[in-house]
Amino acid sequence: MTSPVALIAEDEPLLADALRAMLAQAWPELQMLPVAPDGTSAIAAIARSQPDVVFLDISMPGATGIEVAQACARLSRPPQIVFVTAFDRFALEAFDAAAVDYLLKPVAPERLARTVARVRERLAAPTGDTLSKLLTTLRTHLEAAEGREGREGQPSASSQTAPAGQVNQNGQNAREYLQFVRASVRDEIRIVPVEEICFFEAADKYVVVATVEGDLLIRTSLRELLPQLDPSRFWQVHRSTVVNVGEVVSAQHTPLGRLTLKLKRRKDRVAVSRQYAHLFRQM
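*Asks:* How would you explain unusual backbone geometry if you had to name every residue and give the values?
*Replies:* We note that Gln50 has phi near 50°; this positive angle belongs to a residue other than glycine. Among the secondary structure elements, Gln50 is positioned in the loop between α2 (39-49) and β3 (53-57). Classification of Gln50 as partly exposed rests on a relative accessible area of 42%.

What follows is the structure, given as structure tokens:
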């Protein structure tokens, strides 16, 4: 019997490497393809190599995990899909309803072990309509969740118009915004000035801090971090992403119609959801 083949589609190298190492422990006979760093390359790799299982990040440049799964559904032999996500439980109801698995970032070893057991069971007795059921149910839940989080996460008018150090219309000093981020790196604390940060991306209870030199993790949620950031510098462009607008070179549409941002000092393409696309319309 041939060993199963897997693909990880993840645009954060640190998270992809961590998941790959954990899979090597939890499923030693699993053959791993090279990591796909964005949705477009994931679609091409899946069509070319036809893996048995794909570990898909939901939020990726080029094409989202949902769009990659849609492309998989059109294949004659679609792979088993495991979403790796930072979405909340409201959205995650869709995964259980569609009878496919999901992993929350950061991935816990015991949770991954249960996922491996479920995937092995499905590979032994695959069902043809699982992926199509997933896409229908998941799309509905995620759109509802994105709308709800967007309403809750909208900054107030005062936070949009009162930069740090200025005086607001009531004659009071405006709040001081975050100037540095402290992140643990092994046995040291790294101090990162906010102007060196290209973007923040939610990863469950953590936030990925994307800098020119690489990625760091801080233990907070994006919802907790957002009010501490200067809204004139940091714009929320997706329910899970906040970008340093000073790092943005241009906004471009992908062949799939998604809006993405090209950055000055990172190769990443930052996805912009429909809710925030108006920020990049021509003035």
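*Asks:* Give a description of the sheet that holds strand β4 (residues 80-85) that names residues and reports values.
*Replies:* One open sheet holds the five strands; their spatial order is β2-β1-β3-β4-β5, and the pairing between them is parallel. What marks the edges here is a single partner per strand, and that holds for β2 (31-32) and β5 (101-104). Sheet topology note: the β3/β4 ladder contains five bridges and is parallel. Paired with Leu56 across the two strands is Phe83, which belongs to β4. Running at roughly 155° to strand β1 (residues 5-9), helix α1 (residues 13-26) makes contact with β1, β2, β3, β4 and β5 of the sheet.

*Asks:* Which residues make up the packing of aromatic side chains, and what are the values?
*Replies:* Applying the stated criterion to the full structure yields two aromatic pairs. Between Phe200 and Phe234 the ring centres are 5.6 Å apart and the planes differ by 55°, which places this aromatic pair in the tilted class. In this pair, Phe200 is assigned in strand β8 (residues 197-203) and Phe234 in strand β11 (residues 234-238), connecting sequence segments 34 residues apart. We note that Phe200, like Phe234, is buried. Measuring from ring centre to ring centre gives 5.8 Å for Trp235 and Phe280, while their planes differ by 50°; the resulting arrangement is tilted. In this pair, Trp235 sits in strand β11 while Phe280 sits in the segment after β15 (269-272), placing the two residues 45 residues apart along the sequence.

*Asks:* Mind laying out the packing of α1 against helix α5 (residues 109-124), listing which residues take part and the relevant values?
*Replies:* In contact at an axis separation of 10 Å, α1 and α5 are set at 60° when each is read in the N-to-C sense. Classified by the interaxial angle, the pair formed by α1 and α5 is oblique. Here α1 runs over α5; the crossing is right-handed. Touching Leu19, Met22, Leu23 and Ala26 of α1 are Pro109, Leu112 and Val116, all from α5. For the contact of α1 with α5, a count of residues per class yields seven nonpolar, no polar and no charged.

*Asks:* Talk me through the nonpolar core; I want residue IDs and the actual numbers.
*Replies:* Membership of the largest hydrophobic core comes to 19 residues, with the highest contact counts inside it found for Leu7, Leu56, Val68 and Phe83. It is helix α3 (residues 65-73) that provides the largest number of residues to this core, a total of four residues. Those residues within four positions of Val68 in sequence are excluded, and the remaining contacts are Gly39, Ala42, Ile43, Ile46, Leu56, Met60 and Ala63. Ranked by size, the runner-up nonpolar core spans 17 residues in total, among them Ile197, Leu222, Leu225 and Leu229.

*Asks:* Pulling in residues and values, what's your account of a nonpolar patch on the surface?
*Replies:* A contiguous nonpolar surface patch, about 310 Å² in accessible area, is contributed by Phe180, Ile189 and Ile191. By the element assignment, Ile189 lies in strand β7 (residues 188-193).

*Asks:* Account for the sheet that holds strand β14 (residues 259-263), naming residues and giving values.
*Replies:* Read from one edge to the other, the open sheet built from three strands follows the order β13-β14-β15, with strand pairing classed as antiparallel. The open sheet terminates on both sides in strands that have one partner only, identified here as β13 (248-253) and β15. With direction set aside, neighbouring strand axes in the sheet form an average angle of 30°. Pairing of β13 with β14 involves five bridges; the strand directions are antiparallel. Within β14, the residue paired with Ser250 across the bridge is Lys262.

Rules used throughout
Residues numbered from 1 in each chain as written. Predicted model: local features only at pLDDT ≥ 70, side-chain atom pairs only at ≥ 80, totals over all residues. Heavy atoms only, no water. Helix = DSSP H or I, 4+ residues; strand = E, 2+ residues; numbered from the N terminus. Buried < 20%, exposed > 50% of the residue type's maximum accessible area, 1.4 Å probe, protein only. Pairing = 2+ DSSP bridges. Contact = heavy atoms within 4.5 Å. Axes fitted to C-alpha atoms, helices over the stretch in contact; angles between N-to-C directions. Phe/Tyr/Trp six-rings, centres within 6.5 Å; stacked < 30°, edge-to-face > 60°. Parallel < 35°, antiparallel > 145°, perpendicular 65-115°, else oblique. Left-handed = near helix turned anticlockwise from the far one by under 90°. Nonpolar A, V, L, I, M, F, W, Y, C, P; charged D, E, K, R; others polar. Core = buried A, V, L, I, M, F, W, Y, C linked by side-chain atoms within 4.5 Å. Patch = residues over 30% accessible without salt bridge, like charges linked within 9 Å, V, L, I, M, F, W, Y side chains within 5 Å. Areas by Shrake-Rupley, 256 points an atom, 1.4 Å probe, with all protein chains shown as cover. Salt bridge = Lys/Arg side-chain N within 4 Å of Asp/Glu carboxyl O.

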